[in-house]
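The primary structure of each chain is shown beneath.
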Amino acid sequence: MPEFDITRRLTAEALGTALLVATVVGSGIMAEALSKDVGLQLLGNTLPTGAILVVLITIFGPVSGAHFNPAVSLVMALRGDLSASEASRYIAAQILGGIAGTVIAHAMFGLPLFDFSMKVRTGGAQWFAEVVAAFGLVATILAGIRLNRPAVPWLVGLYITAAYWFTASTSFANPAVAIARSLTNTFSGIRPIDLPGFIAAELVGAVIALMLMGWLLRGAGRTK
């Protein structure tokens, strides 16, 4: 990552987040168009999301670290891997990239470029699910980086694929993606009013993962 200047790293974060959100939103729109079965719709949304994460982390990881997620950038800043200034710029790039991803998906399907979601996603169970989702994602990343770095793209892609199904919230686990998904009134949307609860839960889960994995992996060497 130090081989690339900050402009290229920010571009990679914005582009990667845009492609991730375009996949999440676009596959949700396609799934709704192809099936009325909600289970099949969720499956049609899940598989492309897990797959694109493997691709994006593989190609952009060497450039920027492939965070695509403010919660991950926060954790990396707390670990000392990013400065506060770098983390703040990463987060801004991710949010802007995510919004662009929603616009791209809408444009591809001939929808209004911005359409605030009306999909209700709130309540204690949903917030707890987001704590779990973000905890698991950050724990996966930290353990992967420490123990088997080359496997990280697959670990993250497979984790998110699983978490879509075992969390009540369908595992947003990403504040930038949540913000972007508030701008689409389609399958993957979330009401803007529900964002604060989701984002707070995601950040809590990420910080808990940082603390627990920091203790758990202390002294562990890399095996790959």
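Now for a quick tour of the structure.

What counts and how
- Residues numbered from 1 in each chain as written.
- Predicted model: local features only at pLDDT ≥ 70, side-chain atom pairs only at ≥ 80, totals over all residues.
- Heavy atoms only, no water.
- 1 Å grid on protein atoms, 1.4 Å probe; cavity = no way out; pocket = protein on both sides within 12 Å on 5 of 7 lines; lining within 4 Å.
- Points joined across faces, edges and corners; volume = space filled by probe spheres on them.
- Helix = DSSP H or I, 4+ residues; strand = E, 2+ residues; numbered from the N terminus.
- Nonpolar A, V, L, I, M, F, W, Y, C, P; charged D, E, K, R; others polar.
- Contact = heavy atoms within 4.5 Å.
- Axes fitted to C-alpha atoms, helices over the stretch in contact; angles between N-to-C directions.
- Parallel < 35°, antiparallel > 145°, perpendicular 65-115°, else oblique.
- Left-handed = near helix turned anticlockwise from the far one by under 90°.
- Salt bridge = Lys/Arg side-chain N within 4 Å of Asp/Glu carboxyl O.
- Buried < 20%, exposed > 50% of the residue type's maximum accessible area, 1.4 Å probe, protein only.

**Comments concerning the layout of surface pockets**
Where empty space is left becomes clear once a probe the size of a water molecule has been rolled over the atoms.
So, point 1. Empty space within the largest pocket amounts to approximately 660 Å³.
So, point 2. Looking at the largest pocket, it is lined by 35 residues, and the ones nearest its centre are Gly65, Ala66, His67, Ile141 and Val152.
So, point 3. Breaking the lining of the largest pocket down by element, the ones donating at least two residues are helix H1 (6–34), helix H2 (38–64), helix H3 (70–79), helix H5 (124–147), helix H6 (152–166) and helix H7 (175–181).
So, point 4. Considering only residue class, the lining of the largest pocket consists of 23 nonpolar, seven polar and five charged.

**Description of the environment of Ile91**
So, point 1. Within the secondary structure, Ile91 is located in helix H4 (residues 84–108).
So, point 2. Taking the C-alpha atoms as reference points, Ile91 and Gly219, 128 residues apart in sequence, are found 30 Å from one another.
So, point 3. Residue contacts for Ile91: discarding those within four places in its chain leaves Pro70 and Ser73.

**What to know about the packing of H3 against H5**
So, point 1. Viewed as axis vectors pointing N to C, H3 and H5 meet at an angle of 50°, and their least axial separation amounts to 11 Å. When the axes of H3 and H5 are compared, the pair comes out oblique. The element H3 and its partner H5 pack so that their crossing is right-handed. On H5, the residues touching Val72, Val75, Met76 and Arg79 of H3 are Val138, Ile141, Leu142 and Ile145.
So, point 2. When its residues are assigned to classes, the contact of H3 with H5 shows seven nonpolar, no polar and one charged.

**A word on the pattern of salt bridges**
So, point 1. Scanning all chains against the criterion turns up four salt bridges.
So, point 2. Its salt-bridge partner being Arg9, residue Glu86 comes within 3.2 Å of it at the nearest N-O pair. Here Glu86 is found in helix H4, whereas its partner Arg9 is found in helix H1, with 77 residues between them in sequence. Each of the two residues, Glu86 as well as Arg9, counts as buried.
So, point 3. For Arg191, the salt bridge is made with Asp194, and the minimal N-O distance between the two is 2.9 Å.
So, point 4. Overall, Asp194 belongs to the buried group, its relative accessible area being 4%.

**What about the environment of His106?**
So, point 1. Assignment of secondary structure puts His106 in helix H4.
So, point 2. By relative accessible area, His106 is classed as buried at 1%.
So, point 3. Remark: the alpha-carbon pair of His106 and Thr186, spanning 80 residues in sequence, is separated by 9.7 Å.
So, point 4. If sequence neighbours within four positions are ignored, His106 has contacts with Val25, Ile29, Leu111, Pro112, Leu113, Phe114, Asp115, Leu183 and Thr184.

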